[in-house]
Amino acid sequence: QEQLVESGGGLVQPGGSLRLSCVASREILDNYDIGWFRQAPGKEREAVSCISGSDGRRYYADSVKGRFTISGDNAKNTAYLQMNSLKPEDTAIYFCVAVWDYCSEEDVKYWGQGVQVTVSS
């Protein structure tokens, strides 16, 4: 059973916007927080943002603060990553993840399949 399904990736020009969506299973929503990681060509996989289901606390990587916003809609079993003012260095495969505690790779328990985001002129 697929527990995390991403959508919304694509090609956008620098300065543009995209919104990624992640539909999560009940098992994940009841037990884990949701986050987004990304991996760019030639770079290590990194945490982008996470949101706590219990109190709504949010984490953002320094590189995306002020540009990206993570949110969740429990009624739709969906988490979102709104990405504004996109830069070429944001180009990466983006993964929706279920995290246990911290927004770190060690705490990722489930991975989505990933969606490609390409920022290019």
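Residues numbered from 1 in each chain as written. Predicted model: local features only at pLDDT ≥ 70, side-chain atom pairs only at ≥ 80, totals over all residues. Heavy atoms only, no water.

The next subject is the side chain of R38. Take R38: it is sitting in strand β4 (residues 33–39). A residue is classified by how much of its surface remains accessible, and R38, at 5% relative accessible area, is buried. Within the structure, R38 has its side chain in polar contact with the side chain of E46 (distance 2.8 Å). Only 3.4 Å separates the side chain of R38 from the side chain of S63, close enough to count as a polar contact. With residues near it in sequence (within four places) discarded, R38 still touches E44, R45, E46, V48, S63, V64, F68, E89, D90, A92, I93 and Y94. (Helix = DSSP H or I, 4+ residues; strand = E, 2+ residues; numbered from the N terminus. Buried < 20%, exposed > 50% of the residue type's maximum accessible area, 1.4 Å probe, protein only. Polar contact = N/O pair within 3.5 Å; in protein donor to acceptor, adjacent residues only side chain to side chain. Contact = heavy atoms within 4.5 Å.)

Backbone geometry follows two general trends: most residues other than glycine have a negative phi, and most peptide bonds adopt the trans configuration. At N77, a position not held by glycine, the phi torsion is positive, near 55°. When you line up the elements, N77 lands in the loop between β7 (68–73) and β8 (78–83). The class for N77 is partly exposed, based on a relative accessible area of 25%. Positive phi outside glycine occurs at S85, with the angle close to 50°. When you line up the elements, S85 lands in the loop between β8 and β9 (92–99).

Purely geometric stuff here, so don't read any function into it on its own.
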